[in-house]
Amino acid sequence: MVEAGFTPLAELGQLALVSALALTGYAVVASAFGAARNQARLIESGRRAMLAAAAVASLAMGCLLVAFVVGDFSIKFVWQTSSSTTPALYLFTGVWGGQAGSLLFWSWLMAVFTAVALLGRWRADQALLPWFTAVAAFVTGFFLLLVVFKANPFERLAVIPPEGNGLNPLLQHPGMAFHPPALYLGFTGMTIPFAFAMAALLSGRTDAGWIQASRRWMLVAWAFLTIGLALGGRWAYDVLGWGGYWGWDPVENAAFMPWIAATAFLHSVMIQERRGAFKIWNMALIILTFSLVIVGTFLTRAGLVSSVHSFAESDIGGWFLIFTTIMILGSLVLLWWRLPILKSDSQIEHPFSREGAFMANNLLFMGALFAVFWGTLFPLFSEILTDQRVSVGAPYFNRVAMPIFGMIVLLMAVGPLVGWRQADPARVGRALLRPALASLLVILALAILGVRRPVALIGFGVSVFAGLVTLVEIARGVRARMRRGEAAHLAFVRLVGRNRRRYGGYCVHVGIALLGVGVVASNLYQLDLDRSLALGESVEVGPYSLRFEGLEASTTPDSEIIAARLAVSRDGRPVTTLLPRKQVFRLREDQPRTIPSVYARPSADLYALLGSFETSPERATLKLYLNPLISLVWWGLIVLVAGTLTAAWPDGAEARVLDAELSRLLGASAGA
Amino acid sequence: MRDPVVASKFQRPRVKRSASGWVLFFCLLSIAALSLLQSSPTRAQEGDPSPLADPVKDGRVSADAVAAVASGLNCPLCQGYNLQDCPLTVCAQMRAQIARDLASGSSPEAIKASFVADYGPGVLNAPPTEGFFWLIWLAPLVALLAGALWLLRSGRRLSRAVPSSMAVATPASGNESTGSEAGEPHPSLVKRFAAMADESDRPGR
């Protein structure tokens, strides 16, 4: 850490911010006029303005990062979210540790994404470029406007404090260093397909071009959003200390809703690519996804819906309301205006077809989305209409949304087997028969082993069925290649390599099936106990026995920690020692942190929390959980992300184009 | 946007408008919590020989029964925590009180009702299934059914509009999705299938 002091970073950053705002404003106007009047020079000027905006936004971002590193506490935001004792990794976490920094981070990502889309060779229709630039610059500009006028991270304090306030201790976790950026990458990434869609509507080029240009962006953004949600769940599990990973909290839902809409889009877009149908619907889904990103930000930033994760309230609510209204109304009006040219090229011939399966998929995803949306906003309606503040928590979502997700998993088993146009039910039935019998056997075995709750049996059965069907499909493809004399592993690699989208998708489906098993097991069969133990006393949790062996105190530069030492044994053999802790930060003594200690096994996690303690005689009050199969939740998510990246990875022909482009760019920069 | 600034879970009351309202609300909650705790021994003593015994430990009440009540309630003091999962000591004491109330014969509904009387309907984890609140439970189901009906109707209209000659299954479409059939196909067929599968995933076809 360099010594704290006054630096000109704030002025430089402020200057960069204002120029970025001006440049995006110019980019909007120049691109739109250029497109309307068909002036190539104006269009190019707009494009370059947007590239320059990305460059100066990067400069502003850089200034803030440097201010964190040198500890310039004269900058209010730096003072608020860091201190000289904040560990290096978490210095940058301070950027999204508050409103102003996260809005800057958001605008910067948005600008960089747009620049990346504009930098490469423009493979989409040329007519889309200016409108794409205008829409993306408009969205970026709005966020920059907020940063400059409403939540400026470069605001100075009148008096320079000697020490920073320190980062909220709950955020000092590796998950928190990567979870918000992953989410923001997902959110801002979803703005790019939206800009493409709007460009298609504005230019009237509504053929498949915009879909091809935006599909991979959507896939990558979706992958980032998934990673963000997964890391958030992991962070909650490791830090929040309630033994779970998903609480159906309003902010979680706000991030989950765009994910649901984007998932629906990624499926229904295949009908448009394949059959030229559903053009209006796909536009609507893109608009919905983007609106949910913005509305989610608005709801949680503006403090309309309260949540554990919310920022301190601020007055950006009104601005967001106006922006959200403009975007939603504007895009719907555009869609309505272009309805005549969004006619389907073909029609759905038979309900029992891939098209029909995708329609069912979209119906269910929209149902799930509505259930989540309704539950998230209901407290607001209730307060307005009845003046009663209710809370809508896990029981609602488990009873209303989970069955719909269950149906989606079931459809996931059947859908990929159903052929386009009109499928043969007998053939599909034959393909499903063996996995169905196997899943019935699994259900029977589970019932014999003592799993008696119907919900659990259905949940396990459906997940196992979906997983098996998908694995059988992959195996079938591998076998077909092996008959040509390829070795099994080569056959698998080539099969996936030749059909990245399909097998990437299957991989995602396998991930969902694993996730399903993990979610059902860890939700329905979680064991939990409260115990107050005196020194030497033991407690049984499932197959484990835990003995309290005393309290241990330790100190770190900025906190004091009390840990309860728990010796864990199984069948009389010691297996591990757990140390659930309470950490009290000197700068924030009112916010003690409860740090769980977890003994993670593939079959189950033993999860211990220290509630309270007494020192003489030593006694600890513990909250203990046994979370069965929770490892499958993490593994399912990893498989899911791997599948998404497989599907998004460029195939051979595209890779050659990209290589050529890269060498051209490198050659150009070497020559210059 | 599960948000970065997770402000103190231990200090955040449910109502958030102004700082003074905040403090007032927290004070009221604390008083309510304290009064509940103070009244607990007297409440438990009626007809209960050993008020301090843990009814879960001595087997009079099952842990699941306590969890069933507590997991339906929010922690009255902090945001977002379930009473069952809240690590606060006060919440552990509330769970113990629920166990004692169950042991002395109170019904889960009565216990929940007493929580609602103390802290308002927001203490329930999900709205009750009554009156206005039916809206939250039924609307998603209605929406899903309406969507399904609409899809079915428009699907039927569309399929009626298509001449029957177009609705014949093409062998390619079946093959493409289910992979090659069992048995020993001719090598050239396999090759053709592989080529077809490669192409089938390219966009714009």
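Novice: I would appreciate a short explanation of the overall build of chain A in the present structure.
Specialist: The secondary structure content of chain A amounts to 19 helices and ten strands. For a compact globule of 672 residues, the expected C-alpha radius of gyration is about 26 Å, and chain A comes in at 27 Å, within 12% of that figure. Taking all 672 residues of chain A together, 58% fall into the buried category. By sequence separation, contacts in chain A at least 24 residues apart represent 74% of the contacts at least 6 residues apart. Of note, chain A has its 53 positive side-chain charges centred 13 Å away from the centre of its 40 negative side-chain charges.

Novice: When you look at the pairing of strand β4 (residues 559–570) of chain A in this model, what are you seeing that I'm missing?
Specialist: Each regular strand carries side chains that alternate between the two faces of the sheet. Residue and element names in this part refer to chain A. Two elements, strand β3 (residues 544–556) and β4, share eleven bridges in a ladder whose sense is antiparallel. Paired with L551 across the two strands is A564, which belongs to β4. Where β3 folds back onto β4 in an antiparallel hairpin, the turn is made up of two residues. In the sheet, β4 pairs with strand β6 (residues 581–585) via five bridges, with the strands oriented antiparallel. Within the sheet, the bridge partner assigned to I561 lies in β6 and is Q583. Relative to strand β5 (residues 573–578), β4 runs antiparallel, the two sharing five bridges. Bridge pairing in β5 links L566 to L578. What sits between the antiparallel neighbours β4 and β5 is a turn of two residues, in which D571 has the positive phi angle 50°.

Novice: Can you help me understand the packing of aromatic side chains in this one?
Specialist: The geometry of an aromatic ring pair comes down to the distance between the two centres and the angle between the two planes. Residues and elements named next belong to chain A. For the structure shown, the criterion picks out 39 aromatic pairs over all chains. When the centroid spacing of 4.9 Å and the interplanar angle of 80° are considered together, the rings of Y396 and F397 count as edge-to-face. Since its relative accessible area comes to 0%, Y396 is described here as buried. Among the residues examined, F397 registers a relative accessible area of 0% and is labelled buried. Taken together, F105, W106, W108, F138, F142, F143, Y184, F187, F320 and F323 form an aromatic cluster joined through their ring pairs. The ring of W337 is capped by R338, whose NZ or CZ atom sits 3.9 Å from the centre of that ring. When the ring centre of Y544 is taken as reference, the NZ or CZ atom of R570 above it lies at 5.4 Å.

Novice: Just to check I follow, could you spell out the sheet that holds strand β1 (residues 527–534) of chain A for this structure?
Specialist: Paired through backbone hydrogen bonds, the strands of a sheet run either parallel or antiparallel to each other. Residue and element names in this part refer to chain A. Strand order in the open sheet made by the four strands is β1-β10-β9-β8, with antiparallel pairing throughout. At either end of the open sheet lies a strand with only one pairing partner, and these are β1 and β8 (597–600). Strand-to-strand, the axes of this sheet are offset by a mean angle of 20°, without reference to chain direction. Pairing of β1 with strand β10 (residues 619–628) involves eight bridges; the strand directions are antiparallel. Residue S532 lies in a different strand from β10, and its bridge partner there is T621.

Novice: Where do I start with unusual backbone geometry in this structure?
Specialist: Negative phi characterises most residues that are not glycine, and trans characterises most peptide bonds. Residue and element names in this part refer to chain A. Here the residue pair S616 and P617 is connected by a cis peptide bond, since its omega of -5° sits within 30 degrees of zero. Looking at the secondary structure, you find P617 in the loop between β9 (604–614) and β10. Phi at L629 takes a positive value of approximately 55°, unusual for a residue other than glycine.

Novice: Sorry, what's going on with the packing of helix α2 (residues 63–70) of chain B against helix α3 (residues 89–103) of chain B here?
Specialist: A packed helix pair is summarised by two numbers, namely the angle formed by the two axes and the spacing between the axes. All names here are of chain B. As a packed pair, α2 and α3 sit with axes 9 Å apart at the nearest point and diverge in direction by 115°. Seen from above, α2 lies across α3 with right-handed handedness. Note on element contacts: α3 touches α2 through R95, I98, A99 and L102, opposite A65, V66, V69 and A70.

Criteria and cut-off values
Residues numbered from 1 in each chain as written. Chains lettered and ligands numbered in written order. Predicted model: local features only at pLDDT ≥ 70, side-chain atom pairs only at ≥ 80, totals over all residues. Heavy atoms only, no water. Helix = DSSP H or I, 4+ residues; strand = E, 2+ residues; numbered from the N terminus. Rg over C-alpha atoms; globule rule 2.2 N^0.38 Å. Buried < 20%, exposed > 50% of the residue type's maximum accessible area, 1.4 Å probe, protein only. Contact = heavy atoms within 4.5 Å. Lys, Arg positive; Asp, Glu negative; His and termini not counted. Charge placed at Lys NZ, Arg CZ, Asp CG, Glu CD. Pairing = 2+ DSSP bridges. Phe/Tyr/Trp six-rings, centres within 6.5 Å; stacked < 30°, edge-to-face > 60°. Lys NZ or Arg CZ within 6 Å of the ring centre and 35° of its normal. Axes fitted to C-alpha atoms, helices over the stretch in contact; angles between N-to-C directions. Left-handed = near helix turned anticlockwise from the far one by under 90°.

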